[in-house]
Amino acid sequence: MTSDILPSVNEPAFWEGLYERGGDGWELGRPAPSLVEYLRRNLPPTGNVAVLGCGRGHDARLFARLGYRVWGFDFAAQAIRDAQALAKQEGIEIAFEQRDIFGLVTDYQGFFDGIWEYTCFCAIDPHRRPEYVKLVREILKPEGWLLACFYPVREGTDGPPFPATEAEIRQLFTPHFTFLETHVPTESVERRVGLEWMVMARPHPRLKKVF
């Protein structure tokens, strides 16, 4: 007897099922245009970069080609297998790991110089967003950077992708991060035009313990 209960976005099976059914509508087949646009004019400091929810690794490979040391993380094993194969074809070294990003702090606390966020924030259960912000803060070095392209930026609760407004994003992140730059990308895939919001941020300094 099979269960009629469908897996939730908090389970790898949900995402594996989408890959198996060809329901990976987020797949662009190339690096995100918003990221290409940003890196063309302003390269963040090099170092260790994490790509959260990396999918097939198109953005991760772009960072690697530009000289960053890259780690890509994804819930779905199929995505990681595809990402590893594509990197191998291009002769690019990237550490791809299939895992739940919420467990990264165990192995990567204060490890990354930078984090790229695109379509990971919108894929997680919205109730876990405060947990996500804390995770990002914890795996960044004190002087690290967060580059994020949030999507879809609009009102609503449907998903995935689960939308968020600029106000909601600021409310979540500004207790832990300083927004250095924000803008609406001029380069987006057609179906995402006007629904993306690019942010460059740095974590607030950690308070030193007095005793």
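One structure accompanies this document, and this report is about it. (Residues numbered from 1 in each chain as written. Predicted model: local features only at pLDDT ≥ 70, side-chain atom pairs only at ≥ 80, totals over all residues. Heavy atoms only, no water.)

### Remarks on the environment of Glu 155
- Residue position: Glu 155 is located in the loop between β5 (140-150) and α7 (166-173).
- Through-space distance from the C-alpha of Glu 155 to that of Glu 168 is 9.9 Å; in sequence the pair is 13 residues apart. (Helix = DSSP H or I, 4+ residues; strand = E, 2+ residues; numbered from the N terminus.)

### A look at the sheet that holds strand β3 (residues 95-98)
- Spatially, seven strands are ordered β3-β2-β1-β4-β5-β7-β6 in an open sheet, and the strand pairing comes out mixed. Taken across any chain shown, the strands that pair with only one partner, and hence form the sheet edges, are β3 and β6 (177-183). On average, each strand axis in the sheet is inclined to that of its neighbour by 20°, with strand direction left out of account.
- Here β6 pairs with strand β7 (residues 197-203) via six bridges, running antiparallel. Bridging across to β7, Thr 178 finds its partner in Arg 202.
- Helix-sheet contacts for helix α6 (residues 129-139) involve β1 (48-52), β4 (112-118), β5, β6 and β7, and the interaxial angle to β5 is about 135°. (Pairing = 2+ DSSP bridges. Axes fitted to C-alpha atoms, helices over the stretch in contact; angles between N-to-C directions. Contact = heavy atoms within 4.5 Å.)

### Brief notes about the packing of helix α3 (residues 58-65) against helix α4 (residues 77-90)
- Two elements in contact, α3 and α4, have axes separated by 10 Å at closest approach and are oriented at 35°. Read as a crossing pair, α3 and α4 show a hand that is right-handed. Contacts between α3 and α4 involve His 58, Arg 61 and Arg 65 from the first element and Leu 86, Ala 87 and Glu 90 from the second.
- A class-by-class count of the residues in the contact of α3 with α4 yields two nonpolar, one polar and three charged. (Left-handed = near helix turned anticlockwise from the far one by under 90°. Nonpolar A, V, L, I, M, F, W, Y, C, P; charged D, E, K, R; others polar.)

### Here's the deal with the pattern of salt bridges
- Using the criterion set out here, one finds eight salt bridges in the structure.
- Between Glu 97 and Arg 99 there is a salt bridge whose closest N-O contact spans 3.0 Å.
- Since its relative accessible area comes to 21%, Glu 97 is described here as partly exposed.
- Here Lys 141 ties to Asp 113 by a salt bridge, and the two come within 3.1 Å at their closest N and O atoms. In this pair, Lys 141 sits in strand β5 while Asp 113 sits in strand β4, placing the two residues 28 residues apart along the sequence.
- Residue classification places Lys 141 among the partly exposed residues on the basis of a relative accessible area of 22%.
- The buried category is assigned to Asp 113, whose relative accessible area is 14%.
- By sharing partners, the salt bridges in this structure join Arg 61, Arg 65 and Glu 90 into a single network. (Salt bridge = Lys/Arg side-chain N within 4 Å of Asp/Glu carboxyl O. Buried < 20%, exposed > 50% of the residue type's maximum accessible area, 1.4 Å probe, protein only.)

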